[in-house]
Protein chains: 4
Amino acid sequence: MNILAFAASLRSGSYNRKLLMIAVEMARDAGATVDLAEFREFDMPLFDGDLHETIGMPEGGREMISRIEKADGIMIASPEYNYSIPGTLKNAIDWVSRARPMPLRGKSGLIMAASGSAIGGIRGLWQLRIPLEGLGVYLHPDMFALPSAPGAFDDEGKLKDEAMAKRLRDNVISYVTMGTRLAEPVKASLK
Amino acid sequence: MNILAFAASLRSGSYNRKLLMIAVEMARDAGATVDLAEFREFDMPLFDGDLHETIGMPEGGREMISRIEKADGIMIASPEYNYSIPGTLKNAIDWVSRARPMPLRGKSGLIMAASGSAIGGIRGLWQLRIPLEGLGVYLHPDMFALPSAPGAFDDEGKLKDEAMAKRLRDNVISYVTMGTRLAEPVKASLK
Amino acid sequence: MNILAFAASLRSGSYNRKLLMIAVEMARDAGATVDLAEFREFDMPLFDGDLHETIGMPEGGREMISRIEKADGIMIASPEYNYSIPGTLKNAIDWVSRARPMPLRGKSGLIMAASGSAIGGIRGLWQLRIPLEGLGVYLHPDMFALPSAPGAFDDEGKLKDEAMAKRLRDNVISYVTMGTRLAEPVKASLK
Amino acid sequence: MNILAFAASLRSGSYNRKLLMIAVEMARDAGATVDLAEFREFDMPLFDGDLHETIGMPEGGREMISRIEKADGIMIASPEYNYSIPGTLKNAIDWVSRARPMPLRGKSGLIMAASGSAIGGIRGLWQLRIPLEGLGVYLHPDMFALPSAPGAFDDEGKLKDEAMAKRLRDNVISYVTMGTRLAEPVKASLK
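Predicted model only: the values in this text are computed from it and were never measured.

What counts, and at which threshold
- Residues numbered from 1 in each chain as written.
- Chains lettered and ligands numbered in written order.
- Predicted model: local features only at pLDDT ≥ 70, side-chain atom pairs only at ≥ 80, totals over all residues.
- Contact = placed C-beta atoms within 7 Å.
- Helix = DSSP H or I, 4+ residues; strand = E, 2+ residues; numbered from the N terminus.
- Nonpolar A, V, L, I, M, F, W, Y, C, P; charged D, E, K, R; others polar.
- Expected span 1.5 Å × (residues − 1).
- Buried ≥ 20, exposed ≤ 12 C-beta atoms within 10 Å, placed from the backbone.
- Axes fitted to C-alpha atoms, helices over the stretch in contact; angles between N-to-C directions.
- Parallel < 35°, antiparallel > 145°, perpendicular 65-115°, else oblique.
- pLDDT = per-residue confidence, 0-100.
- Pairing = 2+ DSSP bridges.
- Right-handed = clockwise from strand over helix to strand, strands pointing away.

1. Comments concerning the interface of chain A and chain D
With 26 residues of chain A in contact, the opposing surface of chain D contributes 26 residues. If you list the elements that add at least two residues to the side of chain A that touches chain D, you get α2 (49–55), α4 (87–96) and α5 (122–134) of chain A. Top contributing element to the side of chain A that touches chain D by residue count: α4(A), with six residues. Its residues assigned to classes, the side of chain A that touches chain D shows 11 nonpolar, 10 polar and five charged.

2. Points about helix α1 (residues 15–29) of chain C
Structurally, the α-helix is built with 3.6 residues per turn, so residues lying three or four positions apart point the same way. Residues and elements named next belong to chain C. Compared with an ideal rise of 1.5 Å per residue, which puts 15 residues at 21 Å, α1 spans 22 Å between its outermost C-alpha atoms and is within 8% of the ideal. The set of residues buried in α1 consists of Tyr 15, Asn 16, Arg 17, Leu 19, Leu 20, Ile 22, Ala 23, Val 24, Met 26 and Ala 27. Buried residues in α1 make contact with β1 (2–7), β2 (33–36), β3 (73–77), β4 (108–114), β6 (144–146) and α6 (162–182). After α1 finishes, the residue Gly 31 shows a positive phi value of roughly 105°.

3. Side note on unusual backbone geometry
Here the bond from Arg100(A) into Pro101(A) is cis, since omega is -5°, no more than 30 degrees from zero. Looking at where Pro101(A) falls in the secondary structure, it is placed in the loop between α4 and β4 (108–114). We note that Asn82(C) has phi near 55°; this positive angle belongs to a residue other than glycine. Here Asn82(C) shows up in the loop between β3 and α4 (87–96).

4. Comments concerning the environment of His52(C)
Residue and element names in this part refer to chain C. Looking at the element boundaries, His 52 is found in helix α2 (residues 49–55). C-beta crowding within 10 Å serves as the criterion here: with 17 such atoms nearby, His 52 is assigned to the partly exposed category. Placed 24 residues apart in sequence, His 52 and Ile 76 show a C-alpha to C-alpha distance of 25 Å.

5. A short note on α5(A)
Spanning 13 residues, α5(A) covers 19 Å between terminal C-alpha atoms, matching the ideal 18 Å at 1.5 Å per step. Within the span of α5(A), buried status applies to Ile122(A), Arg123(A), Gly124(A), Leu125(A), Trp126(A), Gln127(A), Leu128(A), Arg129(A), Ile130(A), Pro131(A), Leu132(A) and Glu133(A). The elements touched by buried residues of α5(A) are α4, β4, β5 (138–139) and β6 (144–146) of chain A, α5 (122–134) of chain C together with α5 (122–134) of chain D.

6. Comments concerning the packing of helix α3 (residues 59–70) of chain D against helix α4 (residues 87–96) of chain D
Residue and element names in this part refer to chain D. Between α3 and α4, whose axes approach to 10 Å, the crossing angle comes to 80°. In terms of orientation, α3 and α4 fall into the roughly perpendicular class. Here Gly 61, Met 64 and Ile 65 of α3 lie close against α4, whose contacting residues are Ala 92, Trp 95 and Val 96. For the contact of α3 with α4, a count of residues per class yields five nonpolar, one polar and no charged.

7. Quick notes on the confidence of the model for chain A
All names here are of chain A. Mean pLDDT over chain A works out to 94, with 96% of the residues at or above the 70 mark. Contacts of residues 187–191 to residues separated by more than four positions or lying in other chains number 11 contacts, the stretch itself having pLDDT below 50. Reported confidence for the predicted complex is 0.94 by ipTM and 0.96 by pTM.

8. Considering the pairing of β4(A)
Residue and element names in this part refer to chain A. In terms of burial, β4 is a largely internal element, seven of the seven residues being buried. Burial along β4 is two-sided: the face carrying Ser 108, Leu 110, Met 112 and Ala 114 and the face carrying Gly 109, Ile 111 and Ala 113 are both buried. The sheet contact formed by strand β3 (residues 73–77) and β4 spans five bridges and is parallel. Pairing of Met 75 across the sheet is with Leu 110, part of β4. In this fold, the crossover linking β3 to β4 by way of α4 has right-handed handedness.

Right, dumping it as structure tokens:
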């Protein structure tokens, strides 16, 4: 299966990007082809209905839509901001949701989060499920939340904690199995 | 695929049971084998950790677990109580979640609601997603909410509104396709 | 102000009851009068619309309603079951919500949770907010979640961690201030 | 009490702005002083931790913070995008939440939505509660959702439906009563 993967953070030292890199390797080991994107490639203005009518879809939105369309599923590592989804990621979803056909519908998805706190961003992921599932994404039920992220990675970018790494790998393998099952040529009938 | 279906209502004239009956027929037309249960068959006391240690799983819980284990997926029609999941249904989930192996993990699911209001119980369904997905159920992203339920059925129990009936059928067919894809013999690898 | 306080657990060794006892002392120190109840006093059958029409409100429900009516606010310590509100507590809310006038409307509230996990039951509290706020309760925005509850109490039932105890006290004092401000004789105008 | 009011929409013909204008009049009738803002005054770039460290708070953020600080409460009319809070509004909250002291803490709030659909944006409001309450806002429990917004206003911008207008007025009056009670000079003790 083909997966579009990105971390929903613009920060250069983002722990979510580090986490995503590990998950991407695991997905490739599990047989998936992964298109690894930078969230900056999907740069968009703040959504504005008037702007949408005047200029149409902004370039970053067109890029994101095109990359989603080529994939069977998406893998997102997203920080939690204020107990919820980052405004930046939600803004991107709001733009993309205006495209017809809506590219997210019928795709599968896996979401994860890294956080400096003990809770690990899991509350933000529960809020992220809502727009994605509302838009018709087959989201993997298990999510992965990495707590205490600043000290969680070794010099090579691996997770220090073996049990944590195993849990992430199980999660990714389970998602790739699910996503492969739901991908083309059956996808058509799932809509 | 094998589906366990029930309406999470104890009321005899339940609109959710009426809605479920229609969905069950549609699932059978789509090729699924459906085990149609009454929620009363799963009667359980209010959950109490001490009671669980003393008497173990109550009979209604054992029945529900056994029926879930035989199925690949579950189809639930649930009323919305106070903007959320009914306490009765949550109580059943709380008991069942104590069984090991936990029978809901790896099952697929479709949820729907009938309501007398204009909103149709959709808020309750969003709250129902949380324990089910947290427990590892592959929930179909689209849900079905029937508003103004008292006047929605004809004398034969069909939905009067053709467009509404079509939307329900599309939903059920999409779920059966997804559920079949995720069922045995692949299920093992999904856990 | 008058507060009705209870722990939404039927288990004898409940950590939520231990946590509640501390919060009750703090509320009394802050000037509140507290009616400390056991959840068993509010024992009710599983909600069933037919049963409601036949027998009316069950005795445990009438007791809970009467105790809520005498209070200006409620303080609940609730476990998290399956990422959400316990079915038992939701069942009690479902019964009570059928009374007219609905006794929860216009009351203030503070909710807290104790849990054996590192997350401390905070996800369950976010789900508990929904029916309470939907029913018109002025819920204090800050909630208190006690993680790793089994080792959190000393022999006298106090919280071992001073910082944690301070945070709980600040929370309780802030709630009592808010609840007092919103209580009679202004309450009428708030409805 | 002093209220900062704005509609979280950049669109010129926004139904949420129309709805807000009515609520602002009602709040003034109830004795509140209202600072009516345009969301464009709070224009901010997409949140980026690196940008925050380099340039600090953007001008639109400083403006929003200053206006919140002068108020006792906030009144927001917000559209629902994809079953949740608009990315634009969440982005503004994400920026403002970085200020110290955090200006939203201890403020009261009332939220409302207008929508072209039959559901009226209420699902988005439930998601909006989460970051606001997480940040310490005393949110009024009742919210107002206006369905079928395109046909809901008369030529003078009033709500055509009397019952709907009465419900909004009750809601606003109840909020002003609550907000006044929780405002200075007690506010300090509420933190």
